[in-house]
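# Understanding the architecture of this molecule
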Amino acid sequence: MTAWEATGVGSHPGEDHLEALRVVFGEVPGLPYLPELPARGVGADMVGRTASMLVDLAVEVQPSGWRLTDRPGRDHHRATDHLRRDLDGLEELGQGFEGPFKVQVCGPWTLAATIELRHGDKMLSDAGAVRDLTASLAQGVQEHLAEVRKRLPGVSEVVLQLDEPGLPGVLRGTVPTASGFGRLAAVEEWRVEESLKGFEAPLVHCCAPGVPFDLLRRAGVRGVSMDASLLRRRDDDAIGEAVEAGLVFLLGVVPGTDARLPDAGDVAGPAVEMWRRLGFAPGDLADRVTLTPTCGLAGASPRYARAALRACHKAAEVLRDDPASGMQGA
């Protein structure tokens, strides 16, 4: 399987969705994506945007955050409007595009750890509610992917990314209750594994420490997106097994907020170092690792967001054109 050189995690600064799309198509043409613009407010955030895709489940914002409600209200409609506007812009600017295209949605476990039940704790506290949420999300995501394909009729494939920054906490039992005074029980790995199998060959993005590589490999995901700075040598065996199983890796190598960007060789360094430690052939690196910022770019300046994506693309060209040289310099 061939990786996509470079891409972004998902979120962008500002409120201009057309400009964000222009940046994405221009700077990471190997795998452009539908940007998220949380600065637009309620419904443009990761949770609200994804909740608007749920089938037969409505949400509304309460003082404590997103909560299930009996019927769609103002916040739900606002999220739906944001997404529709983004898809309209995608159709306009993506005319003639024929490559792969990525969309991001909040994964079921981070969603369950965030959205509250109508009259109680977080959805994560109720196994039945989590099952309903996962089924609703899987159906809604399938419809969303179909809509993207409709808007981009020449697209070669639509790549699904599930954002699961909360997954390590779900597995460790560190997610706080709605009151904040307790912790919700840890979820068994097999439940998470089964839930992920209900999605269409997803990438799973997790920018938190403790990415469960073995679990994700068993769940049959397509690849893992992660922050290179959080990797530890104890992760090497699990990552190596995942590589041997055919997974691709989206490796975060530049900060998600404004910082000085080094030259392309240094940006590529974390990928080169990981691959060297794992002992795989240098020539395979560019086919199995895609470079990204460490997380979303919503907290960056527009100028930096563009520069960060460009830096990832240039570093990916280094890996593709001269991987052996990069290995020798590691």
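Note that the structure is a prediction, hence the values are computed from the model and not measured. Sequence order sets the numbering: in each chain, residues are counted from 1 along the sequence as written. The model is predicted, so local features are restricted to residues of pLDDT at least 70 and side-chain atom pairs to those at 80 or more, both for listing and for counting; the totals for chains, interfaces and linings are taken over all residues. In computing side-chain properties, one takes all heavy atoms of the structure into account and sets aside hydrogens as well as water.

Moving on to the side chain of His12. Note on conventions: DSSP H or I runs of at least 4 residues are helices, E runs of at least 2 residues are strands, and numbering of each starts at the N terminus. Tracing the chain through its elements places His12 in the segment before helix H1 (17-27). On the basis of relative accessible area, His12 is assigned to the buried category, the value being 2%. Two N or O atoms count as a polar contact when they lie within 3.5 Å, although within protein this holds only if one can serve as hydrogen donor and the other as acceptor, and sequence-adjacent residues are included solely when both atoms are side-chain atoms. Here Tyr33 takes part through its side chain, which lies 2.7 Å from a polar atom of the side chain of His12. Look past the residues within four positions of His12 in its chain and what remains in contact with it is Ala20, Val23, Val24, Tyr33, Pro35, Glu36, Leu37, Pro38, Leu297, Ala298 and Leu309. Three exposure classes are used, based on accessible area relative to the maximum for each residue type with a 1.4 Å probe and protein chains only: buried under 20%, partly exposed in between, and exposed over 50%. Two residues qualify as a contact provided that any one of their heavy atoms is within 4.5 Å of a heavy atom in the partner residue.

Cysteine sulfurs are considered disulfide-paired once they come within 2.5 Å of each other. All told, the structure shown has 0 disulfides when counted by the stated rule. Cys106 takes part in no disulfide bond, and the closest cysteine sulfur to it belongs to Cys207, at a distance of 11 Å. Since its relative accessible area comes to 0%, Cys106 is described here as buried. Cys207 takes part in no disulfide bond, and the closest cysteine sulfur, belonging to Cys295, lies 3.3 Å away. By relative accessible area, which is 22% here, Cys207 ends up partly exposed.

Buried within helix H7 (residues 189-196) we find Val192, Glu193, Ser195 and Leu196. Mapping the buried residues of H7 onto a view down its axis gives an arc of 165°, with all of them on the same face. Elements that come into contact with the buried residues of H7 comprise helix H4 (108-112), helix H5 (127-151), strand S4 (157-163), helix H6 (167-172) and helix H8 (213-218). Directions are taken from the helix axis to each C-beta atom, and the arc is the one they span.

Two rings belonging to Phe, Tyr or Trp (six-membered ring only in the last case) form a pair when the distance between their centres is within 6.5 Å. Interplanar angles under 30 degrees mark stacking, angles over 60 mark edge-to-face geometry, and anything in between is tilted. Scanning all chains against the criterion turns up 5 aromatic pairs. A centroid spacing of 6.4 Å and a plane angle of 75° characterise the contact between Phe97 and Phe101, whose relative ring orientation is edge-to-face. With respect to burial, Phe97 and Phe101 carry one shared label: buried. Aromatic pair Phe213 and Phe249: ring centres 6.4 Å apart, planes at 50°, arrangement tilted. Here Phe213 is found in helix H8, whereas its partner Phe249 is found in strand S7 (residues 248-254), with 36 residues between them in sequence. Under the relative-accessibility criterion, Phe249 is labelled buried at 0%. Three or more aromatic residues joined by ring pairs form one cluster here, namely Phe25, Phe97 and Phe101.

On to the environment of Arg40, then. Along the chain, Arg40 falls in the loop between H1 and helix H2 (46-51). Residue classification places Arg40 among the buried positions, given a relative accessible area of 16%. C-alpha of Arg40 to C-alpha of Ala20: the two residues are 20 residues apart in sequence and 13 Å apart in space. Not counting residues within four places of it along the chain, the set of residues in contact with Arg40 comprises Glu15, His17, Arg49, His82 and Asp86. Side chain to side chain, Arg40 and Asp86 meet in a polar contact 2.9 Å long.

Every buried residue of helix H9 (residues 236-244) is accounted for by Asp236, Ala238, Ile239, Gly240, Ala242 and Val243. Gly246 sits one or two positions beyond H9 and adopts a positive phi of about 100°.

This part takes up the sheet that holds strand S3 (residues 100-106). Overall, parallel pairing links the 6 strands, which are arranged S3-S4-S5-S6-S7-S8 in an open sheet. The two strands at the open ends of the sheet, each matched to only one other strand, are S3 and strand S8 (289-293). Within this sheet the neighbouring strands show an average axis-to-axis angle of 25°, counted without direction. With 5 bridges joining them, strand S6 (residues 223-227) and S7 adopt parallel strand pairing. The residue bridging Asp227 from the neighbouring strand is Gly252, located in S7. Interaxial angle, 0 to 180 degrees, is taken between N-to-C directions of lines fitted to C-alpha atoms, where a helix line uses only the stretch in contact. Where helix H12 (residues 302-321) meets the sheet, its contacts fall on S7 and S8, and the angle it forms with S8 comes to roughly 160°. We call two strands paired when DSSP finds no fewer than two bridges between them.

The next point concerns the nonpolar core. Remark: nonpolar core denotes a set of buried residues (Ala, Val, Leu, Ile, Met, Phe, Trp, Tyr, Cys) joined through side-chain atoms within 4.5 Å. Counting residues in hydrophobic clusters, the biggest one holds 97 residues, and the most contacted among them are Phe101, Met226 and Phe249. Counting residues per element, this core draws most heavily on H12, which supplies 9 residues. Sequence-distant contacts of Met226, defined by excluding residues within four places in its chain, comprise His205, Cys206, Val211, Phe213, Leu231, Ile239, Phe249, Leu250, Leu251, Gly252 and Met274. Listed in part, the 6 residues of the second largest apolar core include Leu31, Leu203, Val248 and Leu250.

So, about the confidence of the model for the protein chain. The predictor attaches a confidence to each residue, and that confidence, scored 0 to 100, is pLDDT. Averaged over all residues, the pLDDT of the protein chain equals 94, while 97% of them reach at least 70. Confidence over residues 326-330 falls short of pLDDT 50; this stretch has 9 contacts with residues more than four positions distant or in other chains.

This paragraph deals with the packing of helix H3 (residues 74-93) against H5. At their nearest, the axes of H3 and H5 sit 9 Å apart, and the two run at 30° to each other. As the angle between them shows, H3 and H5 are arranged roughly parallel. Facing Leu83, Leu87, Asp88, Leu90 and Glu91 of H3, the residues of H5 in contact are His144, Glu147, Val148 and Arg151. A class-by-class count of the residues in the contact of H3 with H5 yields 4 nonpolar, 1 polar and 4 charged. Here is the rule for angles: anything less than 35 degrees is roughly parallel, anything more than 145 is roughly antiparallel, 65 through 115 is roughly perpendicular, and the remaining ranges are oblique. Following the grouping adopted for this structure description, the nonpolar residues are Ala, Val, Leu, Ile, Met, Phe, Trp, Tyr, Cys and Pro, the charged ones are Asp, Glu, Lys and Arg, and the polar ones are all others, Gly among them.

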